[in-house]
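Structure at a glance
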Amino acid sequence: QVQLVESGGGLVQAGGSLRLSCVASRSILNINNMGWYRQAPGKQREPVAAISTGGMANYADTVKGRFTISSDNAKNKVYLQINSLKPEDTAVCSCGVYLCPHEYWGQGTQVTVSS
């Protein structure tokens, strides 16, 4: 079981940057594929990025080159650096993880990009 809490969202102008943080209630050292997801208004939640226990990162095609996921195991945190923000990036961003047999999600942090 794990609790996840996100922070770092906000209102930014197009072209700006944000760094989102997700802190876990337990060690993430052995939690594989912690991920960031986003849900835009009127759309389904979609995966954005994930990081393995070995530090390997995977990204959705729509964010490659602009988003960077990283982790700090000592702080039980996963980060999402978002650069060159676009209005279409407006969404609630959440971190999530699957620990069999359950999925765990944070409450999300709102990212709003103005044009």
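The following refers to the structure shown. Note that the structure is a prediction, hence the values are computed from the model and not measured.

Tallying each qualifying case throughout the model produces one disulfide. With its sulfur 1.9 Å from that of its partner, Cys22 forms a disulfide with Cys95. On the sign convention where negative is left-handed, the bridge of Cys22 and Cys95, at about 60° about the S-S bond, is right-handed. One end of the pair, Cys22, is in strand β3 (residues 18-24); the other, Cys95, is in strand β9 (residues 91-99), with 73 residues separating them in the sequence. Residue Cys93 stays outside any disulfide, its sulfur separated by 10 Å from that of Cys95, the closest cysteine. Cysteine Cys100 remains unbridged, with the sulfur of Cys95 as its closest cysteine sulfur at 19 Å.

A few words now on the packing of aromatic side chains. Counted by the stated rule, this structure contains one aromatic pair. For the pair Tyr37 and Trp105, a centre-to-centre distance of 4.6 Å together with 75° between the ring planes defines the contact as edge-to-face. A residue pair is termed long-range when its members are at least 10 positions apart, and Tyr37 in strand β4 (residues 34-39) and Trp105 in strand β10 (residues 102-105) qualify at 68 residues. Exposure remark for Trp105: the relative accessible area of 29% places this residue in the partly exposed category. Seen from the ring of Tyr79, Arg19 lies directly overhead, with NZ or CZ sitting 3.9 Å from the centre. The ring centre of Trp105 lies 3.5 Å from the NZ or CZ of Arg45, which sits over that ring.

Glancing now at the sheet that holds β3. Working definition: the strands of a sheet are paired by backbone hydrogen bonds and lie parallel or antiparallel to each other. Strands sit in the order β1-β3-β8-β7 across an open sheet of four strands; the sheet is antiparallel. The open sheet has two free edges, formed respectively by β1 (4-7) and β7 (67-72), since each of these has just one partner strand. Direction aside, the axes of adjacent strands within the sheet are offset by 15° on average. Across six bridges, β3 lies against strand β8 (residues 77-82) in antiparallel orientation. Within β8, the residue paired with Ser21 across the bridge is Tyr79.

Criteria and thresholds
- Residues numbered from 1 in each chain as written.
- Predicted model: local features only at pLDDT ≥ 70, side-chain atom pairs only at ≥ 80, totals over all residues.
- Heavy atoms only, no water.
- Disulfide = S-S within 2.5 Å.
- Helix = DSSP H or I, 4+ residues; strand = E, 2+ residues; numbered from the N terminus.
- Phe/Tyr/Trp six-rings, centres within 6.5 Å; stacked < 30°, edge-to-face > 60°.
- Buried < 20%, exposed > 50% of the residue type's maximum accessible area, 1.4 Å probe, protein only.
- Lys NZ or Arg CZ within 6 Å of the ring centre and 35° of its normal.
- Pairing = 2+ DSSP bridges.
- Axes fitted to C-alpha atoms, helices over the stretch in contact; angles between N-to-C directions.

In short, geometric facts, not functional conclusions.
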